[in-house]
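Okay, here's what each chain looks like letter by letter:
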Amino acid sequence: MVGEPRKAKTERKVTRYTYDDIKEPGTPETGHTSLLPAEEQAVTFAMDNGWSEAITVGNLPEGDGRPVVVDMDPAVDPVLFWAAKRNRREVPLLPLQRNEIVSESRIAQIIDRTRKGAEENIIGPAQGHLFADLERILRESEREKRIEFYTHDEGWKNKLICGDSLHVMASLMHYENLRGKVQMIYIDPPYGIKYDSNFQQRVDSTKNDEKDAADDVVTIKAFRDTWALGIHSYLSYLQERLYLSRELLCETGSVFVQISDVNVHLIRAVMDEVFGADNFMSLITFKKTAHAASTLLPTVSDYLVWYARNRSRVKYFPVYVRKRRVGEEETGWDMVESPDGRSRRKMTIDELLDHDRIPDGWRVIGHDNLTATGYSEGTSQPYVFEGRQFKPSVTGATERHWKVKPEGLDRLVAKNRLMVVGNSLRQKRYLDDFPHSPTTNLWEDTVVSGFAEARVFVVQTNPKVIERCIFMTTSPGDLVLDPTCGSGTTANCAERLGRRWITCDTSRVAINVARQRLLGAVFEHFRTRNGKVSGNFKYKTVNRITLKSLAYDLEPEKVELVDQPEVEKDALRVCGPFDVMLLGRYSVEDWKGYVVRDDGTESAKLENYIEVICRLYRKDAAIQGATGLVHAVAEAEKEKIAISVGPLSGRVTGKQINDAVQDALASGILEVHVLGWAFEANVGEVKSQLEKRGRVKVALIMIRPDTLAEGLKATQPEMLFSPLAVPDIDFAKNGKGEPALRVTLRGVALFDRKRRTTEYKRADSGYVSAWYLDEDYDGDCFVDCQMFFDFKKAPNIKAALKAEVDPEEFALKLTSEPFHPRRYKRIAVKVVDVYGHESTVVRDLP
Ligand SMILES: C[S@@+](CC[C@H](N)C(=O)[O-])C[C@H]1O[C@@H](n2cnc3c(N)ncnc32)[C@H](O)[C@@H]1O
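Residues numbered from 1 in each chain as written. Predicted model: local features only at pLDDT ≥ 70, side-chain atom pairs only at ≥ 80, totals over all residues. Heavy atoms only, no water.

A. Just the overall build of the protein chain, in detail. What the protein chain contains, in helices and strands, is 18 helices and 48 strands. The proportion of buried residues among the 846 residues of the protein chain is 53%. A separation threshold of at least 6 residues defines the contact pool for the protein chain, and within that pool the share at least 24 residues apart is 71%. As presented, the protein chain carries roughly 38,100 Å² of accessible surface, and 50% of it is formed by carbon and sulfur atoms. (Helix = DSSP H or I, 4+ residues; strand = E, 2+ residues; numbered from the N terminus. Buried < 20%, exposed > 50% of the residue type's maximum accessible area, 1.4 Å probe, protein only. Contact = heavy atoms within 4.5 Å. Areas by Shrake-Rupley, 256 points an atom, 1.4 Å probe, with all protein chains shown as cover.)

Laid out in structure tokens, this is it:
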């Protein structure tokens, strides 16, 4: 569906694309974490095309007794072997949770305010919601249904997911019902050379400083998994994701892997194994830079390795390029004909290199075969042209026939479409009969300097490359997946081209960069055929004059240029709604066998994650065997302390805090410490309500993100744990007697990695990357109503708006636009610091 535009006279409407006509199962929201089943599930995926059965493992007679592959069944294609190559992999199944609904677009709000300011000539901007209210009404009307996840259908929303691609892909298949539903997968993995170079450590800069190294569990774990055995682990990493890609692709689907020349041969071998050599489509070479500094042969290109799920059924649309110079067409186009059609000459070098240099009216001509093999009654006879007789077969050795009937040949003569080349009669063609040729597997127009927008990520792909892949292999409304989001180039391209998208990344920095990029984007509005994007766009068409159309006076063929949808000039499009998601409950598997050093002398193997955390927090913690939410009890000076630990990835919920307090009270303990890696937005409120009721004291404790990464070198608890720090906000009335409010962000808590302390920084001190306001927080899921961040490069919308945008609009503001309290009389503010850490505060409105 195309979003309801709001239109004013003579103004361009603001639109977005939505996909309510495509249904998907309802997904749990972070507020529902406690309702999810507690038990862990895992599924085993085969990573095998039959190779494991085809090999014979044995001992060589003169070998050292170690088993080796001694033979392989030649009926199975050869495969590549590497250390720890497995033919199956168990993947934990973690449900995706919707954490945030992005229904507004920052740029849409800026446009709205600018227009109102210009129209009404009011001083200061007015707040308008183009789309958030639509979303809110929808959510309220479906309130009951929302906790019946997976059992009811809802309208499709695109997805930006923080999590490891392996888990995300397994979850998409298992919970989101997307097996066989993805049309195209674009993978731009680390190139397998230097993994670190693929990370960006700050949202606000592409420069990486060692002191800013990534510190979150998910990224570090992904790093470890990908690189434990160097290139060997890297190949397992890709093999696993490729096997899952294959499962997710639909029959007509395609996968592209972007890679450099260092490992392209290995990737091809792995993709041959996973997709089958028969499904290889192409190896595309694309130019990434014009010049490269090197004392040896400079490298200026990268590769796309393209495989189909099933080559015989693949969806493929040629993308045409206009022939403008020699080399962009088949050979043979090297003559021009005068405007009256009477004289011809060879083209000059200049004309060959640039068709714009051909004098006006002169047309580039070429010639083509007029005959086909075999005898055919009525068309194998000789034909007389300009007094000379021509036979279809020149040598007479094999029978041939004219491609058109004699009356057709007569028409070709009348239209000056025959010419003699050597002893043959040939069809004369003009380049403008169809001045386009399909893109080949050599893309030279993709150099990085061709970026139209500012670079926001250290390893950002040129959108032109991804867009071409989307054009070639998908239709509007089709689903595109990129399990290597980075700055979200694929999501952006898909959004621009009206394709549905899912993307994921382990790095919070990447997720935040991608979100900001989408929220600040403006696109052209492409005209749909029936009001729905999935009903396809209208395209620019060009005529293709063919031999048949000339010989039989037929209409020329109409060819759609799929990369040139018709643009609605009266509209300006912004990003459609999308969900920001995370994976609930990481496996505690990783903790098994984790070593805690006790006084540096003895190492104890702890089997249990909760035990590890409790023992790190308080050495004397007595682990509780019971099933309640008090996991351990420690002795303090006067009182006992109950300790409760949140899930390894997933958040501590208000419910967990409540339950832990009830369990503690039942045992007569009045102080409860709840430890977690992340907390639900409302936990501050839960804590103060519990404490208000008296008696009990609750401490919310953050576990440092790099506790695991540092190999527990620092075992002093004060270094690993710190009280939960929430953003500091303030309210003010918009004006005297007015019910509207504004929120001001005052400060954000930042973890100093060097000193390992948390400090409050003022909001204007350069540590805030973005902040978001939910004006009516329902407790289940954060809905972005207002959003604030610095634009790297402000989009040029002056001409479209016929008004100048206040440059302040593109800067990070610290005070919100005015808004009215609504149903829940409660707001939530989410702040993202420059390292991508998010913290949220929930407040009841005064
Ligand atoms: C080369 S970058 C992709 C850049 C992207 N094409 C762009 O234009 O911005 C690779 C990305 O994959 C992410 N990544 C690496 N391992 C991952 C994993 N196991 N799961 C999810 N994302 C991963 C990295 O964090 C990095 O952002």
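So, next bit.
B. Geometry of the pairing of strand β23 (residues 424-430). The sheet contact formed by strand β17 (residues 363-368) and β23 spans four bridges and is antiparallel. Residue pairing in the sheet places H367 in a bridge with K428 of β23. Here strand β22 (residues 418-421) runs beside β23; their pairing, made up of four bridges, is antiparallel. Note on β23: the bridge partner recorded for V420 is L425. In this structure, the hairpin formed by β22 and β23 is closed by a connection of two residues, where G422 is found at a positive phi of approximately 60 degrees. (Pairing = 2+ DSSP bridges.)

C. Layout of the environment of P565. The topology assignment puts P565 in strand β30 (residues 557-565). Judged by its relative accessible area of 11%, P565 falls in the buried class. For the pair formed by P565 and F537, sequence separation is 28 residues and the distance between their alpha carbons is 6.1 Å. Setting aside its immediate chain neighbours within four residues, P565 contacts F526, F537, K538 and Y539.

D. Up close: the site of the ligand. Near the ligand you find 23 residues, and of these D188, T461, S487, T489 and D505 are the closest. Here an oxygen atom of the ligand sits 2.8 Å away from a polar atom, N or O, in the main chain of T461. With respect to the ligand, the backbone of T506 contributes an N or O atom lying 3.4 Å from a nitrogen atom. Burial of the ligand by the protein chains amounts to 99% of its free accessible area of 610 Å². Tallied by class, the residues present in the shell around the ligand amount to eight nonpolar, eleven polar and four charged. (Near = heavy atom within 4 Å. Polar contact = N/O pair within 3.5 Å; in protein donor to acceptor, adjacent residues only side chain to side chain. Nonpolar A, V, L, I, M, F, W, Y, C, P; charged D, E, K, R; others polar.)

E. Just the packing of aromatic side chains, in detail. The full count for this structure, using the stated rule, is 16 aromatic pairs. With a centroid separation of 5.4 Å and an interplanar angle of 65 degrees, the aromatic rings of F280 and Y307 are classed as edge-to-face. In this pair, F280 is assigned in strand β12 (residues 280-287) and Y307 in strand β13 (residues 301-308), connecting sequence segments 27 residues apart. For the residue pair F280 and Y307, the accessibility class agrees, reading buried in each case. Where Y320 meets F434, the ring centres are 5.2 Å apart and the plane angle is 85 degrees; that geometry is what we call edge-to-face. Residue Y320 is located in strand β14 (residues 320-322), and its partner F434 is located in the loop between β23 and β24 (436-438); the two are separated by 114 residues in the primary sequence. An identical accessibility class is assigned to Y320 and F434; each is buried. Each member of the aromatic cluster is reached from another via a ring pair, and the members are Y17, F526, F537 and Y539. (Phe/Tyr/Trp six-rings, centres within 6.5 Å; stacked < 30°, edge-to-face > 60°.)

F. View of the packing of helix α10 (residues 463-473) against helix α11 (residues 489-496). In contact at an axis separation of 9 Å, α10 and α11 are set at 55 degrees when each is read in the N-to-C sense. Our classification of the angle between α10 and α11 gives oblique. Judged by the sense of rotation from one axis to the other, the crossing of α10 with α11 is right-handed. Along its contact with α10, which presents P463, I466, E467 and I470, the element α11 presents T489, T490, C493, A494 and R496. (Axes fitted to C-alpha atoms, helices over the stretch in contact; angles between N-to-C directions. Parallel < 35°, antiparallel > 145°, perpendicular 65-115°, else oblique. Left-handed = near helix turned anticlockwise from the far one by under 90°.)

G. Broad picture of the nonpolar core. Counting 123 residues, the largest nonpolar core has L172, L248, F256, M271, L304 and F578 as the members making the most contacts within it. Sort the elements by how many residues they give to this core and helix α6 (residues 231-248) lands first, with eight residues. For F578, the contacting residues outside a window of four places in its chain are E100, I101, V102, K157, N158, L160, W501, R515, L518 and L519. Counting 20 residues, the second largest nonpolar core, distinct from the first, contains V612, I613, A634 and L720. (Core = buried A, V, L, I, M, F, W, Y, C linked by side-chain atoms within 4.5 Å.)

H. Layout of the pattern of salt bridges. Scanning the entire structure with this criterion turns up 48 salt bridges. Where D445 meets K464, a salt bridge forms, and the shortest distance between an N and an O atom there is 4.0 Å. Highlighted residues: D445 in the loop between β25 (442-443) and α10 and K464 in helix α10, separated in sequence by 19 residues. Among the residues examined, D445 registers a relative accessible area of 33% and is labelled partly exposed. Each member of the salt-bridge network shares a partner with another, and the members are E29, R98, E154 and D579. (Salt bridge = Lys/Arg side-chain N within 4 Å of Asp/Glu carboxyl O.)

I. Summary view of helix α15 (residues 654-666). Along its 13 residues, α15 runs 18 Å from first to last C-alpha, staying within 8% of the 18 Å computed at 1.5 Å per residue. Against the buried residues of α15 lie β37 (640-645), β38 (671-676), α16 (683-692) and β39 (697-703). Backbone geometry just after α15 places G668 at a positive phi near 75 degrees. (Expected span 1.5 Å × (residues − 1).)

J. Quick look at the sheet that holds strand β9 (residues 158-162). With mixed pairing, eleven strands are arranged side by side in an open sheet as β25-β12-β13-β11-β10-β26-β27-β9-β32-β7-β45. Each having just a single partner strand, β25 and β45 (782-784) make up the two edges of the open sheet. Strand direction decides the pairing type here: strand β7 (residues 96-102) and strand β32 (residues 578-583), joined by six bridges, are antiparallel. When the bridges of β32 are listed, L96 appears paired with L583. Docked against the sheet, α10 engages β10 (182-187), β11 (249-259), β12, β13 and β25, running at close to 155 degrees with respect to β10.

K. Looking closely at the side chain of S282. Note on placement: S282 falls in strand β12. Looking at S282, the relative accessible area reads 13%, which means it is buried.

L. Highlighting unusual backbone geometry. With phi around 45 degrees, E386 is a residue other than glycine that occupies positive phi space. In this fold, E386 is placed in the loop between β19 (383-385) and β20 (388-390). The phi dihedral of K825 is positive, around 45 degrees, even though this residue is not glycine. Within the element layout of this structure, K825 appears in the loop between α18 (798-801) and β47 (826-833). Judged by its relative accessible area of 49%, K825 falls in the partly exposed class.

M. Focus on the sheet that holds β17. If you walk across this open sheet you meet the five strands as β16-β15-β17-β23-β22, and the pairing is antiparallel. Every other strand in the sheet has two partners, leaving β16 (344-346) and β22 as the edge strands with one partner each. Geometrically, the sheet is characterised by an average inter-axis angle of 45 degrees between neighbouring strands, direction not taken into account. Inspection of the sheet shows strand β15 (residues 335-337) paired to β16 by three bridges, in the antiparallel sense. The partner of E337 across the bridge, within β16, is R344.

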